Amino acid sequence: MNPDFTDWYGKPYYSLNAYCRNTFGQKLYKASLNAGLSCPNRDGTLGRRGCIFCSAGGSGDFAYSVLDEAGKLSPDSFETAYRKSLSALSFKGTGQMFIVYFQAYTNTYGPVSYLDTLFRLALSQPSAAGISIATRPDALPEPVVELLIRLKKEYPSKFIWIELGLQTIHESSADFIRRGYPLSCFEERVKRLSQADIPVIVHVILGLPGESREDMLATVRYLNRQPIQGIKLQLLYILKGTDLGRLWERDPAAAGSFSTMESYLDTVIASLELLRPDLVVHRLTGDAPRSLLLAPSWSTDKKRVLNTLHRQMAEKQTWQGMLYHG
Ligand code: SF4
């Protein structure tokens, strides 16, 4: 069935922008914050070197720290960080409401009392439509889920989303990137969040070393069957200072990713065609910090990438879910 492109605002997929305009009557931008937390892959619990692609900024290089100079969280320090992140967005002509995005590191990896204070500070900002919390399924114990359920009840006009960095369903790739938890853990926590009525957005990386196009599409097919609400399809960025960057310097072919925009778009379009049409596409390209980016160099022109994607999908007369059969 041909989708209702009106609801998708003319795009051949259900973008976050379209979802926000349908749901909140306006586009919502993400104000990126660094919650001052670490990650089990970095603090020694599971490892110290992080996932092989993760930068020193914990995949949140544009996020503002909510801590003051003494490393403490307070209403003042939070509001300062929030104000800075809104100023960084001011050139985009934003509306009045924002998504507070806890982006860097693992944002449920801390004492429940700290998370309680942190999330309340965010939810009580008058210009916050809701919060989006990037984390890992193995850092979402039951007391944290119960906290989220309580906050949902206390702030009924705000949303709480969880973003899970799955990256791939293939255990060999997960081992190679040092993700540090099995697929069963993801599945179990997604089920629990679904029972709690907390929307889940899943991060997938396209171009992981050793993965074929069919491997990536298998991840998309699997996610179609999960009780999730959104997806981010991210290009694998190869960044300076990461183990993946060091591998690329020794042997570019072994580091994965896509050497050309055309090959990347071919996989993105095939992924979108398979994707459940109700899943909100939160991202199709990323924003790698230019100072850290080693490859792929074509990815810096994000506008060109998106324009080419839209043009190719129009030429092919295809859209999100065209090949989805329930
Ligand atoms: S789980 Fe996230 S923050 Fe932690 S090392 Fe991996 S990518 Fe970085």
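Everything below is about the structure printed above this text.
Structure report, in brief.

Definitions and cut-offs
Residues numbered from 1 in each chain as written. Predicted model: local features only at pLDDT ≥ 70, side-chain atom pairs only at ≥ 80, totals over all residues. Heavy atoms only, no water. Axes fitted to C-alpha atoms, helices over the stretch in contact; angles between N-to-C directions. Helix = DSSP H or I, 4+ residues; strand = E, 2+ residues; numbered from the N terminus. Parallel < 35°, antiparallel > 145°, perpendicular 65-115°, else oblique. Left-handed = near helix turned anticlockwise from the far one by under 90°. Contact = heavy atoms within 4.5 Å. Nonpolar A, V, L, I, M, F, W, Y, C, P; charged D, E, K, R; others polar. Near = heavy atom within 4 Å. Core = buried A, V, L, I, M, F, W, Y, C linked by side-chain atoms within 4.5 Å. Buried < 20%, exposed > 50% of the residue type's maximum accessible area, 1.4 Å probe, protein only. Phe/Tyr/Trp six-rings, centres within 6.5 Å; stacked < 30°, edge-to-face > 60°. Lys NZ or Arg CZ within 6 Å of the ring centre and 35° of its normal. Salt bridge = Lys/Arg side-chain N within 4 Å of Asp/Glu carboxyl O. Expected span 1.5 Å × (residues − 1). Arc of directions from axis to C-beta.

1. Notes on the packing of helix α3 (residues 112-123) against helix α4 (residues 142-154)
Thinking step 1. Relative to each other, α3 and α4 sit at 30°, their axes nearing to 11 Å. As the angle between them shows, α3 and α4 are arranged roughly parallel. α4 is crossed by α3, and the crossing has right-handed handedness. Along the contact surface, α3 presents Val112, Leu115, Asp116, Phe119, Arg120 and Leu123, while α4 presents Pro143, Val144, Leu147, Leu148, Arg150, Leu151 and Glu154.
Thinking step 2. Partitioned by chemical class, the residues of the contact of α3 with α4 number nine nonpolar, no polar and four charged.

2. Some thoughts on the site of the ligand
Thinking step 1. The environment of the ligand is made up of eleven residues, and the closest members are Cys39, Gly50, Cys51, Cys54 and Arg136.
Thinking step 2. Across the shell around the ligand, the residue classes break down as five nonpolar, four polar and two charged.

3. Topic: the environment of Leu292
Thinking step 1. Residue position: Leu292 is located in the loop between β9 (280-283) and β10 (293-295).
Thinking step 2. For Leu292 and Tyr109, which are 183 residues apart along the polypeptide, the C-alpha to C-alpha distance reads 26 Å.
Thinking step 3. Excluding residues that lie within four positions of it along the chain, Leu292 makes contacts with Ser55, Asp61, Ile238, Leu239 and Lys240.

4. Some words on the packing of α4 against helix α6 (residues 183-195)
Thinking step 1. Look at α4 against α6: their axes get within 11 Å of each other, and the N-to-C directions meet at 25°. By the criterion of interaxial angle, the relationship of α4 to α6 is roughly parallel. The element α4 and its partner α6 pack so that their crossing is right-handed. On α6, the residues touching Glu142, Val145 and Ile149 of α4 are Arg189, Arg192 and Leu193.
Thinking step 2. Partitioning the contact of α4 with α6 into residue classes produces three nonpolar, no polar and three charged.

5. Structural notes on the nonpolar core
Thinking step 1. In terms of nonpolar packing, the biggest core is built from 78 residues, with Phe78, Phe102, Phe119 and Phe186 touching the most fellow members.
Thinking step 2. Sort the elements by how many residues they give to this core and helix α9 (residues 261-274) lands first, with eight residues.
Thinking step 3. Apart from residues no more than four positions distant in its own chain, Phe102 is found in contact with Leu33, Ala35, Phe78, Asn107, Leu118, Phe119, Ala122, Ile131, Ser132, Ile133 and Ala134.
Thinking step 4. Among the nonpolar cores identified, the runner-up in size contains 14 residues, and Leu208, Ile238, Leu247 and Ala255 belong to it.

6. What to know about the packing of aromatic side chains
Thinking step 1. Evaluation of the coordinates by the stated rule reveals eleven aromatic pairs.
Thinking step 2. Centre to centre, the rings of Phe159 and Trp161 are 4.1 Å apart; their planes meet at 15°, and the pair counts as stacked.
Thinking step 3. Lys30 extends its terminal NZ or CZ atom over the ring of Tyr101, reaching a point 4.5 Å from the ring centre.

7. Digging into the pattern of salt bridges
Thinking step 1. Counting across every chain of the model gives 17 salt bridges.
Thinking step 2. Note that Lys30 is salt-bridged to Glu163, the shortest N-O span being 3.1 Å. Separated by 133 residues along the polypeptide, Lys30 in strand β1 (residues 29-34) and Glu163 in strand β5 (residues 159-167) bring together distant segments of the chain.
Thinking step 3. Residue Arg192 is joined to Glu142 by a salt bridge in which the shortest nitrogen-to-oxygen separation is 2.7 Å.

8. Side note on the side chain of Thr106
Thinking step 1. Mapping Thr106 onto the fold places it in the loop between β3 (98-102) and α3.
Thinking step 2. Take Thr106: its relative accessible area is 2%, and that puts it in the buried class.
Thinking step 3. Ignoring anything within four residues of it in the chain, the contact list for Thr106 reads Leu37, Ser38, Cys39, Pro40, Ala134, Thr135, Arg136 and Ala139.

9. So, helix α2 (residues 75-89)
Every α-helix winds through 3.6 residues per turn, so residues three or four apart in the chain are directed the same way.
Thinking step 1. An ideal rise of 1.5 Å per residue puts 21 Å on 15 residues; α2 measures up with 21 Å between its terminal C-alpha atoms.
Thinking step 2. Of the residues making up α2, those classed as buried are Ser77, Phe78, Ala81, Tyr82, Ser85 and Leu89. Buried residues of α2 fall within an arc of 130° about the axis and therefore sit on the same side. Set apart from the buried face of α2 by more than 90 degrees, the exposed residues are Asp76 and Arg83.

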